[in-house]
Amino acid sequence: WQKNQKKKKNKKDTGDVDSGSLVIDAEQTQLLEQASAQAQPFSKHQAMVTPATRSDFGDFQVNAAMGLAQALQLNPRECAQQIMTRLRPKIADVMEEPEIAGPGFVNLRFKTDYLTATVAAMANDASGRLALPAVAQKQKIVVDFSSPNIAKEMHVGHLRSTIIGDTLCRVLEFVGHDVVRLNHVGDWGTQFGMLVEHLRDEFPEALQPSQNPVDLGDLVVLYKAAKKRFDEDDEFKVRAREGVVKLQAGQPEELAAWETLCAASRVEFEKIYRMLNIQGLQERGESFYNPYLKDVVDELKAKGMAVESDGATVIYIDGYTNRDGSPLPMIVQKSDGGFNYATTDLAAIRQRTLLLSDEGGEQADRVLYVTDAGQSQHFEMVFQAAKQAGFAPTHARLEHVPFGLVQGEDGKKFATRSGETVKLKDLLHEAVKRAGHDLRSRNAATANVAYLEQIDRIAHIVGIGAVKYADLSMNRESNYRFSYDRMLSLNGNTAPYMLYSYARICGIVRKGSGQADDAVLEWPSSADIVISHETELELMRNLVRLPDVIAEVERDLYPHKICDYLFETSQKFNQFYEHCSVNQAETPELKASRLTLCVATAGTLRLLLNLLGIEVVERL
Ligand code: ARG
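Residues numbered from 1 in each chain as written. Predicted model: local features only at pLDDT ≥ 70, side-chain atom pairs only at ≥ 80, totals over all residues. Heavy atoms only, no water.

Enquirer: Can you lay out the pairing of strand 4 (residues 105-108) for me, pointing to particular residues and giving the numbers?
Expert: In this structure, strand 2 (residues 60-62) lies alongside strand 4, joined through 3 bridges in antiparallel fashion. Note on strand 4: the bridge partner recorded for F60 is L108. Adjacent in sequence and paired antiparallel, strand 3 (residues 99-101) and strand 4 are bridged by 3 residues, among which G102 carries a positive phi angle near 55°. (Pairing = 2+ DSSP bridges. Helix = DSSP H or I, 4+ residues; strand = E, 2+ residues; numbered from the N terminus.)

Enquirer: Account for helix 13 (residues 376-389), with residues named and values stated.
Expert: For an α-helix the count is 3.6 residues per turn, leaving residues at separations of three or four pointing the same way. With 14 residues, helix 13 should cover 20 Å at 1.5 Å per step; its first-to-last C-alpha distance of 20 Å lies within 8% of that length. Turning to helix 13, its buried residues are H378, F379, M381, V382, F383, A385, A386 and A389. Where helix 13 is buried, its residues touch helix 11 (293-302), strand 9 (312-321), strand 10 (327-333), helix 12 (341-353), strand 11 (366-372) and strand 12 (397-403). Following helix 13 by one or two positions, G390 has its phi on the positive side, about 75°. (Expected span 1.5 Å × (residues − 1). Buried < 20%, exposed > 50% of the residue type's maximum accessible area, 1.4 Å probe, protein only. Contact = heavy atoms within 4.5 Å.)

Enquirer: So what's going on with the packing of aromatic side chains? Residues and values would help.
Expert: Taken as a whole, this structure holds 15 aromatic pairs when the rule is applied. Relative to F383, the ring of F379 has its centre 5.7 Å away and its plane inclined at 35°; by these criteria the two rings are tilted. Here F379 and its partner F383 are both found in helix 13, 4 residues apart, which amounts to about one turn of the helix. Ring geometry for F482 versus Y484: centroids 5.1 Å apart, planes at 90°, classification edge-to-face. Taking the relative accessible area as the measure of exposure, F482 reaches 5% and is therefore buried. On the basis of relative accessibility, which here comes to 15%, the residue Y484 falls in the buried class. Feature note: the residues F414, Y480, F482 and Y484 constitute an aromatic cluster, connected by ring pairs. The lysine or arginine in question, R129, covers the ring of F174, its NZ or CZ lying 4.0 Å from the ring centre. The ring of F288 is capped by R284, whose NZ or CZ atom sits 5.1 Å from the centre of that ring. (Phe/Tyr/Trp six-rings, centres within 6.5 Å; stacked < 30°, edge-to-face > 60°. Lys NZ or Arg CZ within 6 Å of the ring centre and 35° of its normal.)

Enquirer: Run through the pattern of salt bridges, naming residues and quoting values.
Expert: If you walk through the whole model with that rule in mind, you get 45 salt bridges. The partner of E586 in a salt bridge is R594, with the nearest N and O atoms 3.9 Å apart. Relative accessible area serves as the criterion here: at 63%, E586 is assigned to the exposed category. Salt bridges sharing partners connect three or more residues here, namely E197, R200, D201, R229, R239, K246, E253 and E254. (Salt bridge = Lys/Arg side-chain N within 4 Å of Asp/Glu carboxyl O.)

Enquirer: Could you give me a rundown of the environment of K246, with the residues and numbers involved?
Expert: Within the secondary structure, K246 sits in helix 9 (residues 234-248). For the pair K246 and G193, spaced 53 residues apart in the sequence, the C-alpha separation amounts to 8.6 Å. Not counting chain neighbours up to four residues away, the residues in contact with K246 comprise R200, Q251 and E254.

Enquirer: Outline the site of the ligand, supporting the account with residue identities and numerical values.
Expert: Near the ligand the following residues occur: D144, S147, N149, H158, H184, Y341, D345, Y369, T371, Q375 and F379. Residue S147 places a main-chain N or O atom 2.9 Å away from a nitrogen atom belonging to the ligand. Contacts to the ligand include D345, whose side-chain N or O atom sits 2.7 Å from a nitrogen atom. Burial of the ligand by the protein chains amounts to 90% of its free accessible area of 350 Å². Of all the secondary-structure elements, those providing two or more residues to the shell around the ligand are helix 12 and strand 11. Taken together, the residues of the shell around the ligand sort by class into 3 nonpolar, 6 polar and 2 charged. (Near = heavy atom within 4 Å. Polar contact = N/O pair within 3.5 Å; in protein donor to acceptor, adjacent residues only side chain to side chain. Areas by Shrake-Rupley, 256 points an atom, 1.4 Å probe, with all protein chains shown as cover. Nonpolar A, V, L, I, M, F, W, Y, C, P; charged D, E, K, R; others polar.)

Enquirer: Any chance you could break down the packing of helix 10 (residues 252-276) against helix 14 (residues 424-442) for me, citing the residues and the numbers?
Expert: Relative orientation of the contacting elements helix 10 and helix 14 amounts to 25°, with a least axis distance of 10 Å. If you check the angle between helix 10 and helix 14, you find them roughly parallel. Here helix 10 and helix 14 pass one another in a crossing that is left-handed. Contacts between helix 10 and helix 14 involve E268, K271, I272, M275 and L276 from the first element and L424, K425, L428 and H429 from the second. Among the residues making up the contact of helix 10 with helix 14, the classes are represented as 5 nonpolar, 1 polar and 3 charged. (Axes fitted to C-alpha atoms, helices over the stretch in contact; angles between N-to-C directions. Parallel < 35°, antiparallel > 145°, perpendicular 65-115°, else oblique. Left-handed = near helix turned anticlockwise from the far one by under 90°.)

Enquirer: Any details on the confidence of the model for the protein chain? Residues and values, ideally.
Expert: Summary statistics for the protein chain give a mean pLDDT of 89 and a share of 92% for residues scoring 70 or more. Every residue in residues 1-25 scores below 50 in pLDDT, and together they form 49 contacts with partners more than four places removed in sequence or on other chains. Throughout residues 37-44 the model reports pLDDT below 50, and contacts reaching past four residues in sequence, or to other chains, amount to 11 contacts. For this predicted complex, the interface confidence comes out at an ipTM of 0.99, alongside a pTM of 0.91. (pLDDT = per-residue confidence, 0-100.)

Enquirer: So what's going on with the sheet that holds strand 8 (residues 306-309)? Which residues, and what values?
Expert: Whenever strands of a sheet pair, they do so through backbone hydrogen bonds, lying parallel or antiparallel. Across the sheet, which stays open at both edges, the 3 strands sit in the order 8-9-10 with antiparallel pairing between neighbours. Only two strands of the sheet have a single neighbouring strand rather than two, namely strand 8 and strand 10. Across the sheet, the mean angle separating the axes of adjacent strands is 50° when strand polarity is ignored. Lying on the sheet, helix 11 is in contact with strand 8, strand 9 and strand 10; it crosses strand 10 at an angle near 135°. Packed onto the sheet, helix 12 meets strand 9 and strand 10 and runs at close to 75° relative to strand 10.

Here it is as structure tokens:
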């Protein structure tokens, strides 16, 4: 328990009540907290509630007694007794009589009536929401994700950001929040000077405003060529510097060249988004904030936060130092007058959280930034500066959602065999190709023409799903090793395994309810649930945890919790199915009851896979 406590201390304080690694659903948590709050001095110590460490202990355990006992110099079992007394009336509808175990854990177990009623309601909800209500307090949440850079390669880091960001958006939207998906593309900055000047020489037609996009060829090649000239040719360097100034001043030729570059990049990005089925992502790049940067710096100066240092304008944030202990400056205006990444992020925070009439402010309650962990310090400093400067109201939550590196199978830098960077398009195509190959070889003997016609579509779902799931099933903060073999494996916590589990349940339901093999499945309506075997109970105890899992992801933003839960659910289902035949059930009531369990399980898998951006298929 103490180990647990230490871990929790390191965890970022989200401002929420500390309820352990979670919890009973929101309503029940509240009940528990009220219960402990009613009794002084218990109010100071929240009732840490976690899922039971072993299922024979029950469903949840209250872990607060030991800590309380230590703090209050009491006997832990006595504390547990007190917690139990206060808890009992609050949870009586849902939980069996609480039990004290070990040094002072309070074990809680769902009542069977509660389980059967809840699961039947889940199975009966034709909307696909599994009877989960939308949140009462709707928030406006901006999610800044994907955010590749114009004229540069969209790399595997952007792929991670895109996949994780998209899932978080889907979860938050499902919960009932108002989500704004923003693509903060890198479309501004000094590099555009050299690109524009390079275009002037190589693609002069790109400097004329026109409806027809100019084909610039491979943008990465173009970027490298421009960079080479910039590094080697002094005269070109001078032109590039002037080019930026002209662009910033809105000169028509430079602006046209810049737009040509953005349009060409956009075409490339769109291909990736289409393959990944990323929807609703609005491009609002760095250039959007350009008109507000000067004002931001002026305001920082007026507030006394920004100061002059070696010709640049910088701010110092408490607690951030260089290695040698000297204060670490955050530059907001360079000595040549240019603004940078941090300035843009400060302007963006102001625009996203405040209501500014001239900037179309979003007034978000929460802003998430999904980028690699390497940018953590940048965001910490920017958030702190923004709060201090009043660019964000105090209630607004600014959260960096960091993720680790994508590595090759060998744990080294992710690259092709010849050492080049892997193009995302190639990577996604490869996954789809391998999935298709696999499907064809396994279904070679199938005579089902309708199925064979679908195989390309299914290969796309499995291949792209595998890439997404492999990424999302890892704790996002760890580095992640990319392996086609592992992600496409039918065994383990993978997309193919989950998709097969779903299709298998569809098959069971189809057969059990006498539906034709090739028709679209109709889900039978709920029957009363009758329990005949322990594994039915175990499955239900798992199914009713769905709202907790979603609430946890809403709060802590770790999508792998969804994958863990998906895997557990399918395992519980397998155990159930091993012991409880649906088609050969002893009575019609039992058969109907088991079909209802199948429907609730399938609904859970489908909902969660959809939240991960993975479509399901009824046949695989
Ligand atoms: N373009 C940046 C990159 O490629 C990511 C931008 C993230 N968003 C932000 N508001 N800074 O790393």
